[in-house]
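Structural overview for review
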Amino acid sequence: MKKKTIVLDHSAMNRALTRIAHEIVERNKGGDDLILVGIKTRGVPLAKRLQEKIKRIEEVTVPIGELDITLYRDDLQKKSPEPELIATNIEVEIKNKTVILVDDVLYTGRTVRAAMDAVMDIERPAQIQLAVLIDRGHRELPIRADYVGKNIPTSNEELIVVELTEQDDLDEVSIFEKRS
């Protein structure tokens, strides 16, 4: 792969997450009855960052959960014959709450569909919303994010790579060109 361009650096990513946090608070009239659920892997640190930003805005700590969607994917056999499970951890009751799924990149919509199925198997929330750092288009399912950090139209020959300090020692979103 060849890096084409950097689309978000640390400062731009921070501004995008701050804006998303404000939009979440505004749309939901505060931070009560919300639960942020990060889709593993990079959705989890993004959910934690949003939790901190909402706490600064509203002085309320929104509970966080971690969601592993491995067994809910419709392309499970394509990915690996023996999928690796990373534990789901949602320690608060989600019934009658607004669950905000958090992920790094929205692409085909299949990951989000799997996440919604996983949440519904746990308990039925009052509402599910979606917050993503990047929406790159190319949807295969009728799924739309409620909160988007940045829309980045891409071709199918490009990849979006999100790097987060918590896992990669760097905050950066880049476009890479697939080599043929």
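Everything quoted here is computed from the prediction, not taken from an experiment.

1. Here we look at the UniProt feature "short sequence motif: PRPP-binding" (unreviewed entry) in the chain
- On the UniProt side, "short sequence motif: PRPP-binding" (unreviewed entry) is annotated at positions that read residues 99-111 here.
- Overall, residues 99-111 shows 15% helix and 62% strand. The separation of its end C-alpha atoms is 16 Å.

2. Some thoughts on the packing of aromatic side chains
- Going through the model one piece at a time under the given rule, you end up with zero aromatic pairs.
- Looking at Arg136, its charged tip hangs above the ring of Tyr107, at a distance of 4.0 Å from the centre.

3. Some thoughts on the pairing of strand β5 (residues 127-135)
- Most of β5 is tucked away, with seven of its nine residues classed as buried.
- Bridge analysis of strand β4 (residues 98-106) against β5 gives eight bridges, and the strand direction is parallel. Residue pairing for β5: Asp103 is matched across the bridge by Val132.
- Considered for its hand, the β-α-β crossover made up of β4, helix α4 (residues 110-122) and β5 is right-handed.
- Of the pairings in the sheet, the one linking β5 to strand β6 (residues 147-151) comprises four bridges and is parallel in character. Each residue of the ladder has a partner; that of Ala131, found in β6, is Tyr147.

4. Observations concerning unusual backbone geometry
- Omega for the bond connecting Lys40 with Thr41 falls within 30 degrees of zero, at 20 degrees, which places this linkage in the cis form.
- Looking at the secondary structure, you find Thr41 in the loop between β2 (34-39) and α2 (43-58).
- Of note in this structure, Glu59 is not a glycine but carries a positive phi near 55 degrees.
- Within the secondary structure layout, Glu59 lies in the loop between α2 and β3 (64-67).
- Taking relative accessible area as the criterion, Glu59 reaches 74% and is therefore assigned exposed.

5. Looking at the packing of helix α1 (residues 10-27) against α2
- Orientation of α1 relative to α2, taken along the N-to-C sense of each, is 60 degrees, at an axis distance of 9 Å. By the angle class used here, α1 and α2 are oblique. With respect to the hand of their crossing, α1 and α2 are arranged in right-handed fashion. For the pair formed by α1 and α2, the contact residues are Met13, Asn14, Leu17, Thr18, Ile20, Ala21, His22, Ile24 and Val25 on the first element and Leu46, Arg49, Leu50, Lys53, Ile54, Ile57 and Glu58 on the second.

6. Considering the nonpolar core
- Residues Leu133, Ile134 and Val173 are the most contacted members of the largest nonpolar core, which totals 29 residues.
- By residue number, the principal contributor to this core is α1, which donates eight residues.

7. What to know about the sheet that holds strand β7 (residues 158-163)
- With antiparallel pairing, the three strands of this open sheet are ordered in space as β1-β8-β7. For this open sheet the edge positions go to β1 (2-8) and β7, each flanked by a neighbour on one side alone. In this sheet, neighbouring strand axes are inclined to one another by 30 degrees on average, regardless of whether the strands run parallel or antiparallel.
- Pairing analysis gives five bridges linking β1 to strand β8 (residues 172-177), with the strands arranged antiparallel. Within β8, the residue paired with Lys2 across the bridge is Glu177.
- Where α1 meets the sheet, it contacts β1, β7 and β8, and its direction lies at approximately 50 degrees from that of β1.

8. Considering the sheet that holds β2
- Taken in spatial order, the five strands make up an open sheet running β3-β2-β4-β5-β6, and their pairing is parallel. Two strands close off the open sheet at either side, each with one partner strand: β3 and β6. Direction aside, the axes of adjacent strands within the sheet are offset by 25 degrees on average.
- Running over the sheet, α1 touches β2, β4, β5 and β6 and is turned about 150 degrees from β6.
- Across the sheet, α2 touches β2, β3, β4 and β5, and the angle it forms with β2 is around 150 degrees.

Criteria and thresholds
- Residues numbered from 1 in each chain as written.
- Predicted model: local features only at pLDDT ≥ 70, side-chain atom pairs only at ≥ 80, totals over all residues.
- Heavy atoms only, no water.
- UniProt positions renumbered as here; feature names shortened; annotations may be inferred.
- Helix = DSSP H or I, 4+ residues; strand = E, 2+ residues; numbered from the N terminus.
- Phe/Tyr/Trp six-rings, centres within 6.5 Å; stacked < 30°, edge-to-face > 60°.
- Lys NZ or Arg CZ within 6 Å of the ring centre and 35° of its normal.
- Buried < 20%, exposed > 50% of the residue type's maximum accessible area, 1.4 Å probe, protein only.
- Pairing = 2+ DSSP bridges.
- Right-handed = clockwise from strand over helix to strand, strands pointing away.
- Axes fitted to C-alpha atoms, helices over the stretch in contact; angles between N-to-C directions.
- Parallel < 35°, antiparallel > 145°, perpendicular 65-115°, else oblique.
- Left-handed = near helix turned anticlockwise from the far one by under 90°.
- Contact = heavy atoms within 4.5 Å.
- Core = buried A, V, L, I, M, F, W, Y, C linked by side-chain atoms within 4.5 Å.

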